[in-house]
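Single-letter residue listing:
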Amino acid sequence: MDIPTLPPLSAIRAFEAAARLQSFTRAAEELDMTQAAVSYQIKRLEQRLGLVLFQRLPRKVVLTRAGERLAPTVLDSFQALRSAFAQSQARSEAELAITSLPTIGANWLVPRLGGFQLVHPRLAVRLDTGVPLVDLAQGEFDVGIRNGRGEWPGLSAHFLLPGLFTPLCSPDLIESGALRTPADLLRLPRIGRERWWRSWLEAAGVGDADLSARPGVELGVEQYEVTAAIAGHGVAITSPLFFRSELASGRLVQPFELVLRDERDYWLAYPEVRRGSAKIRAFRDWLLAQAQADAQGWDGGGPR
């Protein structure tokens, strides 16, 4: 069954405005067109339908009977479209959807989010801390906190925090005397990225370390790895920025002063086409201020 094609949308739009306002001039002002352009579009529609839709009088236009039959349905359809777009925009501006890596999201962002909502009480916040990278262009999330070099096509990126790493462990491990020098780490269970372990051990003077003698464990999420370290299952290598409360409470210990910086840092990202969004600007300004204050005092804490 063949479905009849619609007339050009530009012509339907001109008819709707002229029928609603009963004026080509006012329709032209609303649509940001010339009166001649509105008249031309309606003429196209009349020729397409084979009907006269308006009676042109010296100082006004009046719908013909054919126009009166067509107008209610067209006007109702456009009103439904306006309502749908208005509701969609209202929902969009009423909620800020954030996607974040798990550890920085749960351990760094969440404890601070209450401060943002105090400043913006009418803006609901939704946070997802899934591991898979979300395509921000799809529109499900407004902003994302990512790890990398800050270069993603189509996205605006703002430096947040440096990608730091150093060994962290339970205080019980220190008290047992099992961990006194960096070389002792070769005899202990190592938790976290092997690439970080190799870099840190080399920088600490433990050169040519044979890590194959005691393979490490990678759990994929730094928060899980630190949880294992606190439970006494080994030494985790991760960012001390994300575990300040655990370090302050004594549940976690940084046994050595050496902190290295990875080539990948943490960034706030969002689609370039949405950089004018009021809620994104508000969150960006607030988050950058939080990050700047938190990174002070850490070696290598600024952008490259």
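Per chain, residue numbering runs from 1 following the sequence as it is written. In view of the model being predicted, local features appear only for residues whose pLDDT reaches at least 70, and side-chain atom pairs are presented and counted only at 80 or more, with totals across whole chains, interfaces and linings using the full set of residues. Neither water nor hydrogens contribute to the side-chain values; these are computed over all heavy atoms in the structure.

**Here's the deal with the side chain of Gln41**
Inference 1: Counting from the N terminus, the helices are the DSSP runs of H or I reaching at least four residues and the strands are the DSSP runs of E reaching at least two. Note that Gln41 resides in helix 3 (residues 35-49).
Inference 2: At 3.1 Å, the side chain of Gln41 forms a polar contact with the side chain of Ser10.
Inference 3: There is a polar contact of 3.5 Å between the side chain of Gln41 and the backbone nitrogen of Ala11.
Inference 4: We call two residues in contact whenever any of their non-hydrogen atoms come within 4.5 Å of each other. Excluding anything up to four places from it in sequence, Gln41 contacts Ser10, Ala11, Ala14 and Met33. Each polar contact in these results corresponds to two N or O atoms within 3.5 Å; when the atoms are within protein, one needs to be able to donate a hydrogen and the other to accept it, and residues that are neighboring in sequence are counted only if both atoms are side-chain atoms.

**Looking at the packing of helix 1 (residues 9-21) against helix 2 (residues 24-31)**
Inference 1: Between N-to-C directions, angles cover 0 to 180 degrees, with each direction set by a line fitted to C-alpha atoms, over the stretch in contact for helices. Where helix 1 meets helix 2, the closest approach of the two axes is 8 Å, and the angle between their N-to-C directions is 125°. The angle between helix 1 and helix 2 places the two elements in the oblique class. Helix 1 and helix 2 meet at a crossing whose hand is right-handed. Across the interface between the two elements, Arg13, Ala14, Ala17, Ala18, Arg20 and Leu21 of helix 1 pack against Phe24, Arg26, Ala27, Glu30 and Leu31 of helix 2. Convention used here: angles under 35 degrees read as roughly parallel, angles over 145 as roughly antiparallel, angles from 65 to 115 as roughly perpendicular, and any remaining angle as oblique. Two helices that cross are described as forming a left-handed crossing if the nearer one is turned anticlockwise from the farther one by less than a right angle, and a right-handed crossing if clockwise.

**Here's the deal with the sheet that holds strand 9 (residues 235-238)**
Two pairing modes exist for strands in a sheet, parallel and antiparallel, and in both the strands are linked by backbone hydrogen bonds.
Inference 1: Pairing between two strands requires that DSSP report at least two bridges joining them. The strand order across the open sheet formed by four strands is 8-9-7-10, and the pairing between neighbours is mixed. Pairing within the sheet leaves two strands with one partner each, and these edge strands are strand 8 (190-191) and strand 10 (260-261).
Inference 2: Docked against the sheet, helix 7 (residues 194-203) engages strand 7 (164-168), strand 8, strand 9 and strand 10, running at close to 80° with respect to strand 7.
Inference 3: Docked against the sheet, helix 8 (residues 222-230) engages strand 7, strand 8 and strand 9, running at close to 150° with respect to strand 9.

**Here's the deal with the side chain of Asp262**
Inference 1: Tracing the backbone through its elements, the reader meets Asp262 in the loop between strand 10 and strand 11 (265-271).
Inference 2: Side-chain polar atoms of Asp262 contact the side chain of Arg195, separated by 2.7 Å.
Inference 3: Reaching out from Asp262, the side chain makes a polar contact with the backbone nitrogen of Arg264 at a distance of 3.3 Å.

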